[in-house]
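Overview (structure and organization)
The residues making up each chain are set out below.
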Amino acid sequence: MTKTALKPDMQHGEDAITLLTEDHKKVKKLFADFAKLAKGDGSDKAKAEVVRQICMELTIHAQAEEEIFYPAVRAAIKDDDLMDEADVEHAGAKNLIAQLEAMTPAHDHYDATVTVLGESIDHHVKEEEEKMFPKAKKAKVDTATLGAALTQRKHELQAERGEAEPPVKARKAKSR
Ligand SMILES: [Fe+2]
Ligand SMILES: [Fe+2]
């Protein structure tokens, strides 16, 4: 099977499942970046910057899922056990994120905390991509509408954290 050459529009109408899967990939790469730094004696500054990005990406992603995606999927797929487990996994991740945000790379167990967070996210992402997303598709959840809502909410949350991306118009004008 070949990949379609059509690139999804990053700003408008991106399907919710595509958008969430892209976030998962982005975070997986950040964890891999951290592992390289930890293995190769990367500077504390470099480690802290990667961890800052990991915590920010995960926090925004989880909040957008909880507010917009999970309620719609829970209502549609009739699998409360699966959705409850996802909620508990989010709570576990938030706990580790809070610990990391209170630490510096000089702390004991800093690297281990990042590694354990990465492993728990790996597991969670697998459950979403292999169980929740297929069930949502099968239940004909309106992933197009949810995708638009997720994009908007993510932008708001990024702006609140001072991580705002430039508005679409400004970015287009700039890139000319
Ligand atoms: Fe997710
Ligand atoms: Fe999630």
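See the structure shown above.
Structural notes, computed from the coordinates. (Residues numbered from 1 in each chain as written. Chains lettered and ligands numbered in written order. Predicted model: local features only at pLDDT ≥ 70, side-chain atom pairs only at ≥ 80, totals over all residues. Heavy atoms only, no water.)

Things to note about the overall build of the protein
When helices and strands are tallied, the protein shows six helices and zero strands. Taken from the N to the C terminus, the helices and strands of the protein come in the order α-α-α-α-α-α. The 176 residues of the protein split such that 38% are buried. Nonlocal contacts in the protein, meaning residues at least 24 apart in sequence, comprise 74% of its contacts between residues at least 6 apart. For the protein, the accessible surface area stands at approximately 10,800 Å², while carbon and sulfur atoms represent 57% of it. (Helix = DSSP H or I, 4+ residues; strand = E, 2+ residues; numbered from the N terminus. Buried < 20%, exposed > 50% of the residue type's maximum accessible area, 1.4 Å probe, protein only. Contact = heavy atoms within 4.5 Å. Areas by Shrake-Rupley, 256 points an atom, 1.4 Å probe, with all protein chains shown as cover.)

Focus: the coordination of the iron ion (ligand 1)
Looking at the metal site, the iron ion (ligand 1) is ligated by His-24 (NE2), His-61 (NE2), Glu-65 (OE) and Glu-128 (OE), spaced 2.1 to 2.2 Å from it. Between the iron ion (ligand 1) and the iron ion (ligand 2), a separation of 3.3 Å is found, and both are coordinated by Glu-65. In this pair, His-24 sits in helix α1 (residues 16-39) while Glu-65 sits in helix α2 (residues 44-77), placing the two residues 41 residues apart along the sequence. Taking relative accessible area as the criterion, His-24 reaches 8% and is therefore assigned buried. With relative accessibility at 0%, the residue Glu-65 sits in the buried group. (Donors = N, O, S within 2.8 Å, 3.2 Å for Na, K, Ca; no water.)

Considerations on the packing of α2 against helix α4 (residues 110-138)
Running from N to C, α2 and α4 point in directions that differ by 25 degrees, and their axes come no closer than 12 Å. Put simply, α2 runs roughly parallel to α4. Classified by chirality, the crossing of α4 by α2 is left-handed. Where α2 abuts α4, its residues Lys-47, Ala-48, Val-51, Ile-54, Leu-58, His-61, Glu-65, Phe-69, Tyr-70, Val-73 and Ile-77 lie against Tyr-110, Asp-111, Val-114, Leu-117, Ile-121, His-124, Glu-128, Met-132, Phe-133, Lys-135 and Ala-136. Within the contact of α2 with α4, the residues separate by chemical class into 15 nonpolar, two polar and five charged. (Axes fitted to C-alpha atoms, helices over the stretch in contact; angles between N-to-C directions. Parallel < 35°, antiparallel > 145°, perpendicular 65-115°, else oblique. Left-handed = near helix turned anticlockwise from the far one by under 90°. Nonpolar A, V, L, I, M, F, W, Y, C, P; charged D, E, K, R; others polar.)

What to know about the pattern of salt bridges
All told, the structure shown has 16 salt bridges when counted by the stated rule. Across the salt bridge formed by Asp-79 and Lys-135, the nearest N and O atoms sit 2.7 Å from each other. Placement of Asp-79 in the loop between α2 and α3 (80-101) and of Lys-135 in helix α4 is noted, with a sequence separation of 56 residues between them. Overall, Lys-135 belongs to the partly exposed group, its relative accessible area being 37%. The network of salt bridges with shared partners includes Arg-74, Asp-80, Asp-84 and Asp-87. (Salt bridge = Lys/Arg side-chain N within 4 Å of Asp/Glu carboxyl O.)

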